[in-house]
Amino acid sequence: MTPSRRRAVICGAATSDYPYLPELSEHAVHAQAADRALADAGLTYADVDGFATAGFFPMYSVGVAEYLGLHPTYFDETNSGGSSFEVLVEHAAYAVESGAAEVVLVTYGSVQLSQMGRRLGTGGGGGAGMPGPAIYDSLWGNTLVGNYALAARRHMHEYGTTPEQLAAVAVTMRGHAGHNPQAQYRDPITVEDVVTGRLVADPLHKLDCCVISDGGGACIVTTAERAADLQRPPVWILGGAHATTHHMNLSAMADLTVTPAAQSGPLAFSRAGLTPADVDVAQLYDSFTITVVLTVEDLGFCAKGEGGAFVQDGGLGLSGRLPTNTDGGGLSACHPGMRGMFLIVEAVRQLRGEGGPTQVPDARIAVAHGTGGMLSTGATLILGREEP
Amino acid sequence: MSAADLGAGRWFPDEMPSPAANAETVGWWEAAAQHRLVVQRCSQCGATRHPPGPVCPVCRSLASEWAELPGTGRVYTYTIVRQAFLPALADVIPYVVAVVEPDGAGGTRMVTNVVDIDPEEVEIGMPVEVVWEDIGPELALPRFRPRTTGAGT
C-alpha cells in the first residue's frame, strides 16, 4: 500500500424515487438515479468513461449506456443476482486503481412492481419457465420463497433457531423504515405480528419476505486523487470480494446453512486489513429474514448457529450489536429485485453522516453485502470514511 | 378440485412446468419414465451429482453413468408451500417441497415432494421412499412418501 498507489473511492451516490413508479420505464429509473449520483458528486456525463449495470438481457449495459448517451471505454454487466452491484463496484475499483478507467458510473433501475400489474400469474415462480437446471426445482412446485424456507428449516433444525428470532429481523427493519419517508411500509410491527401472519412457505411468513418495489440507484467510482477536487467527502473502497457455491438448485448446495458470504466475507476483510469487529454499520441483503441470520454468521459477526441469538432483542437496531439496514432494508423499504445498489448508497450515506434519524454515531467503517440467486452468490464490500 | 380429485397416483395438476431434456440429462428422465431412480455418477472418480450435468465437478471427467438407487432416503429439509405460484396449484396447496437425501447417492440430494402425509407431520430425518407420478408417456416424476417397507436405518 504505497502512498502513490491509485486508491478507489465512491464520490457520489443516490437512489431514485421509490417504491412505486408507474410513470417511469426501467431505463428512466436508471437515468434518474444517474442524474442524482452525478449531481451528488458534482460531475457530468461528460466526465464518465466507464459504465456498469446489471439486468436481465444480454448486452444490457451497452443498451443502458446508449440510452444515457454514454460511449464508455470500460463497461461491465456482471449479473450475480442481488449481489451484482457489490461485484460491479468491486470491479470498478480495480478498473480505476489499474488506470483502465477514471470515472465509472454504476446504475440500477427496475420497475418490477409496476410491471407485475401488467403480467399474468401470481409471481414468485422461483425457476418456473427458466431454462437449464432450475427446472429440477420448479417441476416439484418449489418457489423462490420455498428455497429460502428450505434453508431456514435446516438452520432451525441444526441450531434451534426460532421463528421469533427470524421475526426479530423484520421488526428491526420496520423500525428503521419508520424513519425513512420513502419506505414502502413504515408502520411498526411486532414479533407477534410476524409469527401470527400468513405462512407463505413454512417457516417463512409473509413478513419474513421482502417487499416488491420499483426503484433504483447509482454510485460513482473514481480515484481518491480525482475525488479530492470534488464536492463530496470520498468514501474509500477498502476491500471487496465475491463468491458462488451453486446456481439455482439448493440440492446442489453442500450445506444449506452456509452461504457464499463465508468465502467472500473473510476475503474482503482480509483485503481491507480489517475484521468484523471494526464494522460500525452494516447493509446486509435481506431478501428474507433467514438471509440476514445466515449472513451475520457467515461474515463472522457471530459463530455459525448463533445468528438467531445475534439478531434478536434489537441486535440489528441502532444501539444493537450491529446496526443494520438503516434505511429499512428490502424487508420494509424497497426491493426492486436486485437490491444490492441500495446497500451501497445507504452505506455511503452513513459514512458521510447523512443518515438522519437512523445515523449511526461516528460511523467509520461500513460493510455492504449482497446475496443473489438462491443463496447462490455473495459479494462483500468494506467501505470507510477515512483514508486507509 | 383438490389433490384427491386428481385420481390415484396423481398429486399435481397437468399445468406444471415441463422439462426440456438434453444429451446430458435425457438419461435421468428416461430412467424416471421407467420408474427407476438414478443418480449421475462420474465414471472416473465415482463422485455423484444432481442435477445432471456434463462435467464431474470433482475431477472434471466428461464420462458418467446412471447409478440406480434403491429408492429410499431421508428428508434433509422441507417447506410447506402455502401460496400458489401457478394458478393451477391453488387447489393443491398446502404441499411439501423437500430436499431428500436418497440412500446410496453418496450424499447427493434432490429437490422433490413428500406426499401421502399431512404436511404438518413431515420432519427432518424422516425415512421416505420413492413414489412415481406418471405425467405422460415419456415423463414420470419421483416424489417421496413416508417409508412403509423395510424401515431399517
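Every value quoted in this text rests on a predicted model; they were computed, and no experiment measured them.

**With respect to the overall build of chain A**
What chain A contains, in helices and strands, is 14 helices and eleven strands. Oriented by its inertia axes, the alpha-carbon framework of chain A measures out at about 55 × 45 × 40 Å. Here chain A holds 388 residues, and 63% of them are scored as buried. Long-range pairs, those at least 24 residues apart, make up 76% of the contacts in chain A between residues at least 6 apart in sequence.

**With respect to the interface of chain B and chain A**
The extent of an interface is frequently quoted as the accessible surface area lost upon association of the parts. Listed as interface residues are 28 residues of chain B and, on the opposing side, 31 residues of chain A. Taken together, the residues that form the side of chain B that touches chain A break down as 20 nonpolar, six polar and two charged.

**Regarding helix H2 (residues 60-68) of chain A**
Residues and elements named next belong to chain A. Residues of H2 that are buried: Ser61, Val64 and Ala65. Viewed end-on, H2 has its buried residues packed into an arc of 105°, placing them on one side of the element. On its buried side, H2 packs onto helix H1 (26-41), strand E2 (50-53), strand E3 (74-76) and strand E4 (104-110). One or two residues past the end of H2 sits Gly69, with phi positive at roughly 75°.

**As for the pairing of strand E7 (residues 127-136) of chain B**
All names here are of chain B. Bridge analysis of strand E4 (residues 72-81) against E7 gives three bridges, and the strand direction is antiparallel. Bridge pairing in E7 places Gly73 opposite Val128. Counted between consecutive antiparallel strands, the loop separating E7 from strand E8 (residues 139-146) contains two residues.

**Quick look at the domain arrangement of chain A**
All names here are of chain A. Along its sequence, chain A is organised into domain 1 (8-117 + 214-237) and domain 2 (142-211 + 240-384). Of all elements in the fold, only strand E1 (8-15), helix H3 (84-98), E4, strand E7 (215-223) and strand E8 (235-244) reach the threshold of two or more residues within the side of domain 1 that touches domain 2. Element by element, the count of residues in the side of domain 1 that touches domain 2 is highest for H3, at seven residues. Here the residues of the side of domain 1 that touches domain 2 are counted per class, giving 16 nonpolar, eleven polar and four charged.

**Quick look at the environment of A:Ser213**
Residues and elements named next belong to chain A. For Ser213, the position within the fold is in the loop between strand E6 (204-205) and E7. Residues Ser213 and Tyr20, spaced 193 residues apart in sequence, show a C-alpha to C-alpha distance of 6.2 Å. What Ser213 contacts, discounting residues up to four positions off in sequence, is Tyr18, Pro19, Gln112, Leu113, Gln184, Cys334, His335 and Pro336.

**What about the confidence of the model for chain B?**
Within chain B, residue pLDDT values average 91, and 94% of them lie at 70 or more. Per the prediction output, this complex has pTM 0.94; the corresponding ipTM is 0.92.

**Examining the sheet that holds E4(A)**
All names here are of chain A. With mixed pairing, the nine strands of this open sheet are ordered in space as E3-E2-E4-E7-E1-E8-E11-E10-E9. This sheet does not close on itself; its edge strands, each paired only once, are E3 and strand E9 (281-284). Across the sheet, the mean angle separating the axes of adjacent strands is 25° when strand polarity is ignored. Looking at chain direction, strand E10 (residues 365-372) and strand E11 (residues 377-384) are connected through eight bridges and run antiparallel. Paired with Gly370 across the two strands is Ala379, which belongs to E11.

About the criteria used
- Residues numbered from 1 in each chain as written.
- Chains lettered and ligands numbered in written order.
- Predicted model: local features only at pLDDT ≥ 70, side-chain atom pairs only at ≥ 80, totals over all residues.
- Helix = DSSP H or I, 4+ residues; strand = E, 2+ residues; numbered from the N terminus.
- Buried ≥ 20, exposed ≤ 12 C-beta atoms within 10 Å, placed from the backbone.
- Contact = placed C-beta atoms within 7 Å.
- Nonpolar A, V, L, I, M, F, W, Y, C, P; charged D, E, K, R; others polar.
- Arc of directions from axis to C-beta.
- Pairing = 2+ DSSP bridges.
- Domains from an automatic or database assignment.
- pLDDT = per-residue confidence, 0-100.
- Axes fitted to C-alpha atoms, helices over the stretch in contact; angles between N-to-C directions.

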